[in-house]
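Residue-level listing of the chains:
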Amino acid sequence: MLKIIVPTMMLIPLTWLSKPSMIWINTTAYSMLISLIGLTYLNQFTDNNLNFSLLFFTDSLSAPLLVLTTWLLPLMLMASQHHLSKETLTRKKLYITMLVTLQLLLIMTFTATELIMFYILFEATLMPTLIIITRWGNQTERLNAGLYFLFYTLVGSLPLLIALLWLQSNLGTLNLLVIQYWTQPLLSSWSNTLLWLACMMAFMVKMPLYGLHLWLPKAHVEAPIAGSMVLAAVLLKLGGYGMMRITILLNPLTDFMAYPFMMLSLWGMIMTSSICLRQTDLKSLIAYSSVSHMALVIVAVLIQSPWSYMGATALMIAHGLTSSMLFCLANSNYERIHSRTMILARGLQTLLPLMAAWWLLASLTNLALPPTINLVGELFVVMASFSWSNITIILMGINITITALYSLYMLITTQRGKYTHHVKNIKPSFTRENSLMTLHLLPLLLLSLNPKVILGPIY
Amino acid sequence: MNLFTSSILVTLFMLTLPIMMANTSMYINKLYPRYVKTTISYAFMISLIPTMMFLHLGQDTMISNWHWITIQTMKLSLSFKFDYFSMIFVPVALFVTWSIMEFSIWYMHSDPYINRFFKYLLLFLITMMILVTANNMFQLFIGWEGVGIMSFLLIGWWYGRTDANTAALQAILYNRIGDVGFIMAMAWFLTNLNTWDLQQIFMANHENLNIPLIGLLLAATGKSAQFGLHPWLPSAMEGPTPVSALLHSSTMVVAGVFLLIRFHPLMEHNKTLQTITLCLGAITTLFTAVCALTQNDIKKIVAFSTSSQLGLMIVTIGINQPYLAFLHICTHAFFKAMLFMCSGSIIHSLNDEQDIRKMGGLFKALPFTTTSLIVGSLALTGMPFLTGFYSKDLIIETANTSYTNAWALLMTLVATSMTAAYSTRIMFLALLGQPRFSPIITINENDPHLINSIKRLLFGSIFAGFLISYNITPTTTPQMTMPHYLKMMALIVTILGFILALELNLMMQNLKFKYPSGLFKFSNMLGYFPTIIHRLMPKTNLLMGQKSASTLLDMTWMEKILPKSISHFQMKSSTAVSNQKGLIKLYFMSFMLTLTLSLLTLSFHG
């Protein structure tokens, strides 16, 4: 594990010691190399997991998320170059340092063996994210967004700490590898219900569950591009990952406790999708679409069947790449139009045809076109929920329809139609941007060829 | 691997070549459209080999190539099914596409992105091939969604036009509703049968199949524009005419019918579903025929007639005759694609005029197009010994002699008669009489691309029905004996439709409505369907999205309940409880006092 952690740490001195002209290229290239090292973890040759030390391990559930995290750092660096071009050198370096720190913490979170270490790192990721949002956001509302982000997540996760301490004293260990053999069935009682809530709410807020999602659109909209990317692609997935890890402790109470949250998610995904239909703000639309997709993951995790776990894992990876790509596209529009409002950036296909192709592909993956992994994920979740209860297909069906609608609405509004006069002299799309989109899309397409590596544990 | 599989794989592989060539300098070449067209014509010719072999030997083949994924006990692999349906449909689709490609070279010649257009058409064809040859539901779904997305792209080809974009989105929306049915069927098969392979699905117990079959019917309703989800098909006429000819007449829209034919082994014992299917088809065929009667846009009339014929195919499935429905798919492809191409020729010649009231007298100016249009219309109405006759007459006969549902049968017969009526109307208004178009228009149909492509389909419209029905063995026993009036019924209603329409047109030609009658308005406004459904539903949904989901819940209640109320409560309570009054000197004073006192006590302690 150190072969990833140490190089990632060394990215910080690399940033500070590089020549001013080389900071971007150096960090991007090295972080890309680091992400290539991580690819080997996708090959889970045993049925169990890869233990690196007492502290770190990966299995088929965390390995894809780990790879996604490492893959995203070079992309974030590439995406941020333009909007930092006006900043001073020190600030640029500081920004990169923040991203690298976040990356480091995320890597350790996904590979932590001890639940309490997982918890500490989970909380620690808040700090760099908060700094990125509140320091480098674009508008004054970023402070409010940072406040929402911090308080929602903290309030949700503090009970988890208490629950974990109690579990430690009760079970004697919080080691994820051991705990599954030592865990006791939770009987239905008030205190156990509270324990269940304490364990799950932290991750439900992070996902976010509908009703507790208010921080997400704010944070997404106000964050700079790298912040939005990492939020959508990785930080939300911490919630899903944590839920999947901790539910082994909470059986069989989950069967009974899941109902209200399941209902809330099923209802929420339709509500958030229909909010998407009325969004004028591009970034906010993508943020709400994240909420709606994550609701599917919550449903899948709460159903707790092999198929639903596979679907949830696949959907998390697929959504990570897709939403990150959509944010990049929104950012490339923002850098040209200087506004996130969709009607100000109409008809761009005429001016930027290659960018229109990226938009098209991103929208198609967002609406889960077969055979992309987005479809694999969504299909498995729908299968699992259908076998849980046949009626859910109605809600799922409505959501599928609305998802297609708002994805294409976004595509049509930004790309099709006549272009407006003020966009006549915009810059062409840069190679940097095109390669950024390619690097998002390539994993999506390649994973479609072999989705097994991201399906998590195949039972 | 014998000649059968290898040649069919060559056919499929050849189609991908121009797509791969799109990365080379070939793509910026002006000859790319011709290259695509020629490739398809070769693919057609090669695809005839396995079809001939199939006709000769009658062997079903299933090949399984590339193992994609195994999840628990379910194996998914790339696998193709070459049975009766795919082996007959592939050459038909390739033949029609070949002609349409050639036609598009002429029709789209001034388009700056003609190469991309051809690439899209070819991509569509590939997804359609995937759809018809798929052996498992996942692969079928890839083709199914693929044709939907390609139709979105092709309808919205002229992306600067708002109408085109709206029509494209509308097509996706209605298709997507159908897809939900497909996904439901997939979910059901997975949960209950643990397989998506067609062979294994067909081995299912034939009880309680209502849920997946309703799902499949919903899917077919969306894709094949059956009543309820039909409005996208006429709207899709916003796309270029070659697109209408390929997607919205001969290939994509029959995918729904094809799906039902594929899953027929499950349906043949389920009487409930058959009745629903029959009624759905009958309503569609009548309703869309009524709508076609009063339309003025030539493409819309042809589109509604397509919808009506699709309804007829669904009726055929409803009376448990999938092979007849399939025969009608094949014959329909020829003359309907040709009708679209003829209207494309007229529209192009008249400087993009689509209104049949502004045509007239074209039989002098466009003799070849006129011939083809008339032959196509006659084939459509089921004139004996043209292509349409071989399937349509048989369908009506079988429906007449079946004992399922007299009401549905009656509706189908009325619709059949109306087919003749609106065909007469096109011929009468567009081709006969005096010219009503602008005299400065120069009309020229003497382009070999146009003539050859239409000519090829013209031969198809005359002979294909005979050739196909001569060569295939009848798979269901046809009704051999029936009373005269039942045998002649199809012809009688068609001729009746012709005569009535002709008389009405002749009589009413110079008369004017004082005001349109209610029936006329019903038909002309498409049964008020778009007015009601397309205004009310989106408005309610969007209003709900805005008012209740976004403003009320998200921006008001959730803000109020959690963050705002907590911060408000904290603020109030802290101001109420605290005695903080901003007396900074006093606070510092007390702080210093405490500090000194504690230091003093500590030092004395020691």
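Residues numbered from 1 in each chain as written. Chains lettered and ligands numbered in written order. Predicted model: local features only at pLDDT ≥ 70, side-chain atom pairs only at ≥ 80, totals over all residues. Heavy atoms only, no water.

A. Inspection of the overall build of chain A at higher detail. Secondary structure summary: chain A contains 18 helices and two strands in total. Out of the 459 residues in chain A, the part that is buried amounts to 67%. If you take every contact in chain A between residues at least 6 apart in sequence, the share linking residues at least 24 apart comes to 82%. Computing the positive centroid from 23 side-chain charges and the negative centroid from 12, chain A places the two 13 Å apart. (Helix = DSSP H or I, 4+ residues; strand = E, 2+ residues; numbered from the N terminus. Buried < 20%, exposed > 50% of the residue type's maximum accessible area, 1.4 Å probe, protein only. Contact = heavy atoms within 4.5 Å. Lys, Arg positive; Asp, Glu negative; His and termini not counted. Charge placed at Lys NZ, Arg CZ, Asp CG, Glu CD.)

B. Highlighting the overall build of chain B. For chain B, the count of helices and strands is 24 helices and two strands. Each of the three principal axes of chain B carries a C-alpha extent, and together these read 125 × 65 × 60 Å. Considering chain B as a whole, with its 606 residues, one finds that 57% of them fall into the buried category. Excluding contacts between residues fewer than 6 apart, the proportion of contacts in chain B whose partners are at least 24 apart in sequence is 80%. Counting 35 positive and 22 negative side-chain charges, chain B places the averaged centre of each group 10 Å from the other.

C. Structural view of the UniProt feature "domain: NADH:ubiquinone oxidoreductase chain 4 N-terminal" (unreviewed entry) in chain A. Following the UniProt record, the feature "domain: NADH:ubiquinone oxidoreductase chain 4 N-terminal" (unreviewed entry) maps to residues 1–109 of chain A here. Between the end C-alpha atoms of residues 1–109 of chain A there is a gap of 12 Å, over a span that is 66% helix and 6% strand. (UniProt positions renumbered as here; feature names shortened; annotations may be inferred.)

D. Here's a closer look at the packing of helix 14 (residues 306–337) of chain A against helix 16 (residues 373–388) of chain A. Residue and element names in this part refer to chain A. For the pair helix 14 and helix 16, interaxial distance at closest approach is 7 Å and the crossing angle is 145°. For the pair helix 14 and helix 16, the crossing hand works out as left-handed. Across the interface between the two elements, Trp307, Ser308, Met310, Gly311, Ala312, Ala314, Leu315, Ala318, His319 and Thr322 of helix 14 pack against Ile373, Asn374, Gly377, Glu378, Phe380, Val381 and Ala384 of helix 16. In the contact of helix 14 with helix 16, the residues fall into 10 nonpolar, six polar and one charged. (Axes fitted to C-alpha atoms, helices over the stretch in contact; angles between N-to-C directions. Left-handed = near helix turned anticlockwise from the far one by under 90°. Nonpolar A, V, L, I, M, F, W, Y, C, P; charged D, E, K, R; others polar.)

E. Seen up close, a nonpolar patch on the surface. Residue and element names in this part refer to chain B. Nonpolar side chains collect at one region of the surface, where Phe522, Met525, Tyr528, Ile532, Leu536 and Met537 lie side by side and expose about 560 Å² of accessible area between them. With three residues, helix 23 (residues 529–577) is the largest single contributor of residues to the nonpolar patch. You can call Phe522 partly exposed: its relative accessible area is 32%. (Patch = residues over 30% accessible without salt bridge, like charges linked within 9 Å, V, L, I, M, F, W, Y side chains within 5 Å. Areas by Shrake-Rupley, 256 points an atom, 1.4 Å probe, with all protein chains shown as cover. Salt bridge = Lys/Arg side-chain N within 4 Å of Asp/Glu carboxyl O.)

F. Structural view of the packing of aromatic side chains. All names here are of chain B. Applying the stated rule across the entire model yields 50 aromatic pairs over all chains. Geometrically, the ring pair formed by Tyr84 and Phe326 is tilted, given 5.7 Å between the ring centres and 55° between the ring planes. Here Tyr84 is found in helix 3 (residues 84–107), whereas its partner Phe326 is found in helix 15 (residues 322–349), with 242 residues between them in sequence. Note on Tyr84: relative accessible area 11%, which makes it buried. Residue Phe326 is classed as buried on the basis of its relative accessible area of 1%. (Phe/Tyr/Trp six-rings, centres within 6.5 Å; stacked < 30°, edge-to-face > 60°.)

G. Structural view of the interface of chain B and chain A. Between chain B and chain A, the contact holds 49 residues from the first and 56 residues from the second. Summing the contributions of chain B and of chain A, the shared interface buries around 4,700 Å²; its carbon and sulfur component is 74%. Its largest share of buried area at the contact with chain A, chain B owes to Gln72, Tyr159 and Arg176 of chain B, together 14% of the area lost on that side. Scanning the region where chain B abuts chain A turns up one salt bridge. Residue Glu559 of chain B is joined to Lys218 of chain A by a salt bridge in which the shortest nitrogen-to-oxygen separation is 2.8 Å. One can count 12 residue pairs in polar contact (both at pLDDT 80 or more) joining chain B with chain A. The set of elements that each furnish at least two residues to the side of chain B that touches chain A consists of strand 1 (61–71), helix 5 (137–155), helix 6 (162–193) and helix 23 of chain B. Top contributing element to the side of chain B that touches chain A by residue count: helix 23 of chain B, with 15 residues. When the residues that make up the side of chain B that touches chain A are grouped by side-chain class, the tally is 33 nonpolar, 10 polar and six charged. (Buried area = accessible area lost by both parts, 1.4 Å probe. Polar contact = N/O pair within 3.5 Å; in protein donor to acceptor, adjacent residues only side chain to side chain.)

H. Layout of the pairing of strand 2 (residues 74–82) of chain B. Among the nine residues that make up strand 2 of chain B, seven are buried, leaving the element largely enclosed by the rest of the structure. Hairpin connection between strand 1 of chain B and strand 2 of chain B: a loop of two residues separates the two successive antiparallel strands, and Gln72 of chain B in this loop has a positive phi of roughly 50°. (Pairing = 2+ DSSP bridges.)

I. Fine view of the UniProt feature "domain: NADH-Ubiquinone oxidoreductase (complex I) chain 5 N-terminal" (unreviewed entry) in chain B. Within this structure's numbering, the places UniProt gives as "domain: NADH-Ubiquinone oxidoreductase (complex I) chain 5 N-terminal" (unreviewed entry) are residues 68–118 of chain B. The annotated region residues 68–118 of chain B carries 57% helix and 25% strand content, and the separation between its end C-alpha atoms amounts to 30 Å.

J. A look at the side chain of Thr372 of chain A. Residues and elements named next belong to chain A. You can see Thr372 is positioned in the loop between helix 15 (353–366) and helix 16. Under the relative-accessibility criterion, Thr372 is labelled buried at 9%. If we skip the residues at most four places from it in the chain, Thr372 touches Thr365 and Ser448.

K. Geometry of the environment of Asn390 of chain A. Secondary-structure assignment places Asn390 of chain A in the loop between helix 16 and helix 17 (392–415). Taking C-alpha positions, Asn390 of chain A is 35 Å from Phe327 of chain A, a pair spaced 63 residues apart along the chain.

L. Up close: empty space enclosed by the protein. For the coordinates displayed, the defined rule picks out nine cavities of 30 Å³ or more. Space inside the largest cavity adds up to approximately 90 Å³. As for the largest cavity, its lining consists of His83, Asn138, Val221, Ala223, Pro224, Ile225, Lys283, Asn331, Tyr334 and Arg340 of chain A. Split by residue class, the lining of the largest cavity holds five nonpolar, three polar and two charged. Its volume calculated, the second largest cavity comes out at about 70 Å³. If you list the elements that add at least two residues to the lining of the second largest cavity, you get helix 5 and helix 6 of chain B. Taken together, the residues of the lining of the second largest cavity sort by class into five nonpolar, two polar and four charged. (1 Å grid on protein atoms, 1.4 Å probe; cavity = no way out; pocket = protein on both sides within 12 Å on 5 of 7 lines; lining within 4 Å. Points joined across faces, edges and corners; volume = space filled by probe spheres on them.)

M. Focus on the nonpolar core. With 383 residues, the main nonpolar core has Trp215 and Leu302 of chain A together with Met137, Trp196 and Phe263 of chain B as its most contacted residues. Ranked by the residues each element gives to this core, the list is headed by helix 3 of chain B, at 18 residues. Residues in contact with Phe263 of chain B, not counting those within four places in the same chain, are Met137, Leu140, Phe189, Leu198, Ile201, Phe202 and Leu216 of chain B. (Core = buried A, V, L, I, M, F, W, Y, C linked by side-chain atoms within 4.5 Å.)

N. Representation of the side chain of Ser324 of chain A. All names here are of chain A. Within the secondary structure, Ser324 sits in helix 14. Residue class for Ser324 comes out buried when judged on its relative accessible area of 0%. Apart from the residues within four sequence positions on either side, Ser324 is in contact with Leu72, Met229, Ala233, His319 and His440.

O. Looking closely at the pattern of salt bridges. Taken as a whole and judged by the stated rule, the model has 14 salt bridges over all chains. Between Asp281 of chain A and Arg340 of chain A there is a salt bridge, with its nearest N and O atoms 3.1 Å apart. With Asp281 of chain A in the loop between helix 12 (253–277) and helix 13 (282–303) and Arg340 of chain A in the loop between helix 14 and helix 15, the pair connects residues that are 59 residues apart, well separated along the chain. As a salt-bridge pair, Arg456 of chain B and Glu102 of chain B come within 2.6 Å of each other at their nearest N and O atoms. Here Glu102 of chain B lies in helix 3 and Arg456 of chain B lies in helix 20 (residues 448–471), a separation of 354 residues in the sequence. Looking at Arg456 of chain B, the relative accessible area reads 17%, which means it is buried. One network of salt bridges, with partners in common, ties together Glu87, Arg91 and Arg135 of chain A.

P. Helix 14 of chain A, seen in detail. Residues and elements named next belong to chain A. Taking 1.5 Å per residue, 32 residues should reach 46 Å; helix 14 reaches 46 Å between its end C-alpha atoms and fits that length. When you tally the buried positions in helix 14, you get 30 out of 32 residues, the bulk of the element. Directly after helix 14, the chain includes His338, whose backbone phi takes a positive value near 65°. (Expected span 1.5 Å × (residues − 1).)

Q. Expanded view of the packing of helix 5 (residues 115–124) of chain A against helix 7 (residues 141–171) of chain A. Residue and element names in this part refer to chain A. Contact geometry for helix 5 and helix 7: axes closest at 10 Å, N-to-C directions at 160°. By the criterion of interaxial angle, the relationship of helix 5 to helix 7 is roughly antiparallel. Crossing hand, helix 5 versus helix 7: left-handed. Between helix 5 and helix 7, the contacting residues are Leu115, Ile116, Tyr119, Phe122 and Glu123 on the first element and Leu154, Ser157, Leu158, Leu160, Leu161, Leu164 and Leu165 on the second. Along the lines of polarity and charge, the residues of the contact of helix 5 with helix 7 split into 10 nonpolar, one polar and one charged. (Parallel < 35°, antiparallel > 145°, perpendicular 65-115°, else oblique.)

R. Spatial organisation of the confidence of the model for chain B. For chain B, per-residue confidence averages 91 on the pLDDT scale, and 99% of positions sit at 70 or higher. At the level of chain-chain contacts, confidence expressed as ipTM amounts to 0.93, with global pTM at 0.93. (pLDDT = per-residue confidence, 0-100.)

S. Structural context of unusual backbone geometry. Look at the link from Met207 of chain A to Pro208 of chain A: it is a cis peptide, with omega at 0°. Structurally, the position occupied by Pro208 of chain A is in the loop between helix 9 (190–206) and helix 10 (215–222). Residue Pro371 of chain A is bonded to the preceding Pro370 of chain A through a cis peptide linkage, with omega at 0°. Here Pro371 of chain A is to be found in the loop between helix 15 and helix 16. Look at Gln72 of chain B: it is not a glycine, yet its phi comes out positive at around 50°. Position of Gln72 of chain B relative to the elements: it lies in the loop between strand 1 and strand 2.

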